[in-house]
Amino acid sequence: MSPPAMPTKEKTTAPALAVNGLSLPPPQLHPKIQLEEEQENQEHPSGLLDSIMWMAAPKKRRTIEINRTRRRAESKLIKVKNNIEPCLECGHLKQKHVLCGFCYAKVSRETGLIRQQINAMEGGPLRTPTVETVVLYEGETPSTQDKDKRIVERPRKRPAWFSY
Amino acid sequence: MAAAGTGSGFVFVRNVCGLFRDSSRLAVLARPQQLSWFHSSSSLSTKNWEKKNLKVFPPQLPEEARRPAEVHHCRRQIKYSKDKMWYLAKMIRGMSIDEAVAQLEFNDKKGAKIMKEVLLEAQEMAVKTHNVEYKSNLHVAESFSSKGKYLKRIRYHGRGMFGIMDKVYCHYFVKLVEGPPPRPEQKTGLDQAREYVQKLKDRTVIHSL
């Protein structure tokens, strides 16, 4: 096969590109206007809904195996806690660095009742006397330390956890 | 798990209506007994986990190993996601009941509180009706969650589009077995080495004389 006849004069109007086999069309005269026209043709109805050029989308459906390996990875499983111990006072479980929930509830119930008593004594807001308060239970007399203090009486036996 | 439809709303509604029409037609035409290739039992009830407690074994012979007591318990239609419930179910698999209850008590998830109630109910059932002597001598043999019946609601998107939102429900199943939890056997290095050497020795040449 004879090689194709080469033209004797290879003269192009525009500067030739060094790389062979380029897919882009060769640069033409009046490049700016033609480039804009091409862009318009390529980008179809220019709107947010149908711009296929720049929105990322998944190419394939993620299989259940891939999904499972991601969801069940070691980092996503719940870690077992090793800081749970029984409370020495009540025997319920507690975390080492946290107060026992049962004991806290027990104490807050009693403090709530004391606060109700104090509200009943005061009768309204902003009537707190400017002296200290001491809580006394059944059968208790104020000691020498409690001389100038306001006494709140609670009609029950002193709870074991409420020391003097 | 919430479905989000981004297609045109009207066509979607038509398709959905078509689906419901088709299913109702099928149910009217066929009697359950005739459609034996759909499911083998004649009834559509799938509450089989509760039925496992009713199974009665024949009395054991004196030389047989003691069959450990089992109790199956479940809770249906919990307002929680089955995928989120799975993480908790996976955590307590294989634990003793006390350990499992302790872990669930200090877990902050919504399903942990429900799961703890189910475990305590099952423990009580085991002691009262399933001939378990010590309530602490139980371990979690099986624990898993499954999908309940979802409610469908409409979720409004912009531009008049809508999607159907699923209000998720799940079931939770647990099986407690009497006895300490089975420990996974620890293989020493010597055992592994011995096994490896044995595998090498067991190699044989096929089609040889």
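Cut-off values and rules
- Residues numbered from 1 in each chain as written.
- Chains lettered and ligands numbered in written order.
- Predicted model: local features only at pLDDT ≥ 70, side-chain atom pairs only at ≥ 80, totals over all residues.
- Heavy atoms only, no water.
- UniProt positions renumbered as here; feature names shortened; annotations may be inferred.
- Helix = DSSP H or I, 4+ residues; strand = E, 2+ residues; numbered from the N terminus.
- Buried < 20%, exposed > 50% of the residue type's maximum accessible area, 1.4 Å probe, protein only.
- Contact = heavy atoms within 4.5 Å.
- Areas by Shrake-Rupley, 256 points an atom, 1.4 Å probe, with all protein chains shown as cover.
- Pairing = 2+ DSSP bridges.
- Axes fitted to C-alpha atoms, helices over the stretch in contact; angles between N-to-C directions.
- Patch = residues over 30% accessible without salt bridge, like charges linked within 9 Å, V, L, I, M, F, W, Y side chains within 5 Å.
- Salt bridge = Lys/Arg side-chain N within 4 Å of Asp/Glu carboxyl O.
- Buried area = accessible area lost by both parts, 1.4 Å probe.
- Polar contact = N/O pair within 3.5 Å; in protein donor to acceptor, adjacent residues only side chain to side chain.
- Nonpolar A, V, L, I, M, F, W, Y, C, P; charged D, E, K, R; others polar.
- Core = buried A, V, L, I, M, F, W, Y, C linked by side-chain atoms within 4.5 Å.
- Expected span 1.5 Å × (residues − 1).
- Phe/Tyr/Trp six-rings, centres within 6.5 Å; stacked < 30°, edge-to-face > 60°.

The name recorded for chain B in an unreviewed UniProt entry is Large ribosomal subunit protein uL22m, from Oryzias melastigma. The Sequence similarities (unreviewed entry) comment attached to chain B in UniProt states, word for word, "Belongs to the universal ribosomal protein uL22 family." Per UniProt, chain B carries the Subcellular location (unreviewed entry) text "Mitochondrion".

Let's shift gears to the overall build of chain B. A tally of helices and strands in chain B yields six helices and five strands. Each helix and strand of chain B, ordered N terminal to C terminal, gives the series α-α-β-α-α-α-β-β-β-β-α. Relative to its full complement of 209 residues, chain B shows a buried share of 30%. Looking at chain B alone, contacts between residues at least 24 apart form 73% of all its contacts between residues at least 6 apart. For chain B, the accessible surface area stands at approximately 15400 Å², while carbon and sulfur atoms represent 58% of it.

Residue and element names in this part refer to chain B. Strand order in the open sheet formed by three strands is β1-β5-β2, and the pairing between neighbours is antiparallel. Taken across any chain shown, the strands that pair with only one partner, and hence form the sheet edges, are β1 (70-78) and β2 (138-147). Here the strands of the sheet are splayed against their neighbours by 15° on average, with no regard to which way each runs. For β2 and strand β5 (residues 170-178), the ladder comprises nine bridges, and the chain directions are antiparallel. Looking at β5, one finds that S145 is bridged to Y172. Against the sheet, helix α5 (residues 110-129) touches β1, β2 and β5, its axis set at about 145° to β1.

Moving on: unusual backbone geometry. Comment: phi is negative for the bulk of residues other than glycine, and the bulk of peptide bonds are trans. All names here are of chain B. Here the phi dihedral of Q77 falls at roughly 55°; this positive angle occurs in a residue that is not glycine. Counting through the fold element by element, Q77 comes out in strand β1. On the accessibility criterion, Q77 (35% relative accessible area) is partly exposed. In this structure, R159 takes a positive phi of about 55° despite not being glycine.

A word on a nonpolar patch on the surface. Residue and element names in this part refer to chain A. Taken together, the side chains of M53, W54 and M55 make up a nonpolar region of the molecular surface, amounting to roughly 410 Å² of accessible area. Looking at where M53 falls in the secondary structure, it is placed in the loop between α1 (31-42) and α2 (64-71). You can call M53 exposed: its relative accessible area is 61%.

Here the focus is the interface of chain B and chain A. Of the residues lining the interface, 13 residues belong to chain B; the matching set on chain A comes to 13 residues. For the pair chain B and chain A, the two sides together bury roughly 1200 Å², of which 68% comes from carbon and sulfur. Among the residues of chain B in contact with chain A, Y87(B), Q103(B) and F106(B) are the three that bury the most area, contributing 50% of the side total. There are zero salt bridges connecting chain B and chain A. Along the contact surface separating chain B from chain A lie three residue pairs in polar contact (both at pLDDT 80 or more). When residues of the side of chain B that touches chain A are traced back to their parent elements, those giving at least two are α3 (82-92) and α4 (97-105) of chain B. Here the side of chain B that touches chain A gets five residues from one element, more than from any other, and that element is α3(B). Taken together, the residues of the side of chain B that touches chain A break down into seven nonpolar, two polar and four charged.

One finds M85(B), I92(B), L104(B), M115(B), L119(B), Y172(B) and L176(B) to be the most contacted residues of the largest nonpolar core, which totals 28 residues. Of all the elements in the fold, those that place two or more residues in this core are β1, α3, α4, α5, β2 and β5 of chain B. Filtering out sequence-adjacent residues up to four positions away, M85(B) remains in contact with I78(B), Y80(B), G111(B), M115(B), S145(B), C170(B) and Y172(B). I114(A), I118(A), V135(A) and V152(A) belong to the second-largest nonpolar core, a separate cluster that totals five residues.

A word on α5(B). Residue and element names in this part refer to chain B. With 20 residues, α5 should cover 28 Å at 1.5 Å per step; its first-to-last C-alpha distance of 29 Å lies within 8% of that length. The secondary structure elements touched by the buried residues of α5 are β1, α3, α4, β2 and β5. Directly after α5, the chain includes N131, whose backbone phi takes a positive value near 60°.

A word on the packing of aromatic side chains. Applying the stated criterion across every chain yields a total of six aromatic pairs over all chains. For the pair W161(A) and F162(A), a centre-to-centre distance of 5.9 Å together with 10° between the ring planes defines the contact as stacked. Taking 5.3 Å as the distance between ring centres and 90° as the angle between the ring planes, the aromatic pair formed by W49(B) and F144(B) counts as edge-to-face. With a gap of 95 residues between them, W49(B) in helix α2 (residues 48-51) and F144(B) in strand β2 connect regions that are remote in the sequence. These aromatic residues form a ring-pair network of at least three members: Y137(A), W161(A) and F162(A).

Our focus in this paragraph is the pairing of β5(B). Residue and element names in this part refer to chain B. Judged by how many residues are buried, β5 sits mostly within the fold: nine of nine residues are covered. Alternating positions in β5 separate into two faces, C170, Y172, V174, L176 and E178 on one and H171, F173, K175 and V177 on the other, with burial throughout. With seven bridges joining them, β1 and β5 adopt antiparallel strand pairing. Along β5, the bridge assignment pairs I78 with C170.

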